[in-house]
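Here's the letter readout for the chains.
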Amino acid sequence: MNDSESRQAAQFDLSSNMVVEAAAGTGKTSLLIARILSLTLAGDSGRGYPLESIAALTFTNKAAAEMKIRLAQQLHQIATLIRRPEEAQPATRKLLDSLKERFSLADQVIEERVSLALSQLERAPIETFHSFVARILRLYPLDAGLSPSFEIDQGRNFNRIFELEWEEWLDNELGSLMPRKEDWLQILK
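Quick notes on the rules
- Residues numbered from 1 in each chain as written.
- Predicted model: local features only at pLDDT ≥ 70, side-chain atom pairs only at ≥ 80, totals over all residues.
- Heavy atoms only, no water.
- Helix = DSSP H or I, 4+ residues; strand = E, 2+ residues; numbered from the N terminus.
- Rg over C-alpha atoms; globule rule 2.2 N^0.38 Å.
- Buried < 20%, exposed > 50% of the residue type's maximum accessible area, 1.4 Å probe, protein only.
- Contact = heavy atoms within 4.5 Å.
- Areas by Shrake-Rupley, 256 points an atom, 1.4 Å probe, with all protein chains shown as cover.
- Lys, Arg positive; Asp, Glu negative; His and termini not counted.
- Charge placed at Lys NZ, Arg CZ, Asp CG, Glu CD.
- Core = buried A, V, L, I, M, F, W, Y, C linked by side-chain atoms within 4.5 Å.
- Phe/Tyr/Trp six-rings, centres within 6.5 Å; stacked < 30°, edge-to-face > 60°.
- Patch = residues over 30% accessible without salt bridge, like charges linked within 9 Å, V, L, I, M, F, W, Y side chains within 5 Å.
- Salt bridge = Lys/Arg side-chain N within 4 Å of Asp/Glu carboxyl O.

### Points about the overall build of the protein
Move 1: Helix and strand content of the protein: eight helices and two strands.
Move 2: Going residue by residue from the N terminus, the α and β elements of the protein occur as α-α-β-α-α-α-β-α-α-α.
Move 3: Compactness check: the protein gives a C-alpha radius of gyration of 24 Å against a globular reference of 16 Å for 189 residues, more than 25% above the reference.
Move 4: Considering only C-alpha atoms, the protein reaches an extent of 80 × 45 × 30 Å along its principal axes.
Move 5: Across the 189 residues of the protein, 30% fall into the buried class.
Move 6: Taking contacts inside the protein between residues at least 6 apart in sequence as the whole, the part at least 24 apart equals 57%.
Move 7: Carbon and sulfur atoms make up 53% of the accessible area of the protein, which amounts to about 13000 Å² in all.
Move 8: With 22 positive and 27 negative side-chain charges, the protein shows a separation of 5 Å between the mean positions of the two kinds.

Written out as structure tokens, the structure reads:
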């Protein structure tokens, strides 16, 4: 599959999960935004998925914020294109034409789904992996074996916890019992 075919599959093959690996500046965020739009506007056999049900995860807060901003811009551009086609950007027109053709969507349906997606944007799980996991842990602390009042350590206690764990590990590995004594004697030579 060539690059163009791979991008088309990542954008429009909504029945499969996709992993996209590429260098910086190759359009991963644009492709992800296009896939989110496909899922929101046409996913599930043309019925669309609520934006709140689509997780888009990244590593940094900056990347998550950029993704949300770019998604909002695309949604606004699609809404503009439907209301005032003469003001549309060519890339938005191409995207919308592809969605309409592939999923047989009418302008009114797209406009309703864009409006719904914009209303859900702030609640959509477009965030870092850490934020997403923290949200799940806050929703289901007992299932995760945590106290409902747990706190996520943002590094304040790391050194203290590390020291305690390190001392315990050293005592276990190099203390009087030394379960791997021969290995350590070999390593320490």
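### Considering the nonpolar core
Move 1: Ranked by size, the top nonpolar core spans 31 residues in total, and within it Leu37, Leu51, Leu71, Ile78, Ile110, Val114 and Ile126 carry the most contacts.
Move 2: Within the residue set of this core, elements represented by two or more residues are helix 2 (28-46), helix 3 (61-83), helix 4 (90-103) and helix 5 (107-120).
Move 3: The element best represented in this core is helix 3, accounting for eight residues.
Move 4: With residues near it in sequence (within four places) discarded, isoleucine 110 still touches Leu41, Ile78, Ile82, Leu96, Lys100 and Leu105.

### Some points on unusual backbone geometry
Apart from glycine, the bulk of residues carry a negative phi angle, and the bulk of peptide bonds sit in the trans form.
Move 1: If you check the backbone angles, serine 104 has positive phi at about 50° while not being a glycine.
Move 2: Structurally, serine 104 can be placed in the loop between helix 4 and helix 5.
Move 3: Since its relative accessible area comes to 65%, serine 104 is described here as exposed.
Move 4: Backbone geometry at methionine 178 places phi at a positive 35°, although glycine is not the residue there.
Move 5: Its place among the elements puts methionine 178 in the loop between helix 7 (158-174) and helix 8 (181-188).
Move 6: Judged by its relative accessible area of 18%, methionine 178 falls in the buried class.

### Looking at the packing of aromatic side chains
Move 1: Within this structure, the stated rule accounts for five aromatic pairs.
Move 2: Plain terms: the ring middles of phenylalanine 59 and phenylalanine 129 are 4.9 Å apart, the flat faces sit at 45° to each other, and that makes the pair tilted. Here phenylalanine 129 lies in helix 6 (residues 129-139) and phenylalanine 59 lies in the loop between strand 1 (56-58) and helix 3, a separation of 70 residues in the sequence.
Move 3: Note on phenylalanine 59: relative accessible area 70%, which makes it exposed.

### Re a negative patch on the surface
Move 1: Taken together, the side chains of Glu163, Glu165, Glu167, Glu168 and Asp171 define an acidic patch exposed on the protein surface.
Move 2: Take aspartate 171: its relative accessible area is 57%, and that puts it in the exposed class.

### Re the side chain of glutamate 127
Move 1: Mapped onto the secondary structure, glutamate 127 falls in strand 2 (residues 126-128).
Move 2: In this view, glutamate 127 contacts Ala56, Leu57, Thr58, Ala64, Phe132 and Arg135; residues no more than four positions away in its chain are not counted.

### Quick look at the pattern of salt bridges
Move 1: According to the stated counting rule, one finds seven salt bridges in the structure shown.
Move 2: Ionic pairing is found between aspartate 3 and arginine 7, a salt bridge with its closest N-O pair at 2.9 Å. Here aspartate 3 and its partner arginine 7 are both found in helix 1 (residues 3-12), four residues apart, which amounts to about one turn of the helix.
Move 3: For glutamate 66, the salt bridge identified is with arginine 70, shortest N-O distance 2.8 Å. Note that glutamate 66 and arginine 70 are positioned in helix 3 at a spacing of four residues, about one turn of the helix.
Move 4: The class for glutamate 66 is partly exposed, based on a relative accessible area of 35%.

### Regarding a nonpolar patch on the surface
Move 1: Nonpolar side chains collect at one region of the surface, where Phe158, Phe162, Trp166 and Trp169 lie side by side and expose about 420 Å² of accessible area between them.
Move 2: As for its position among the elements, phenylalanine 162 is in helix 7.
Move 3: Residue classification places phenylalanine 162 among the partly exposed positions, given a relative accessible area of 39%.

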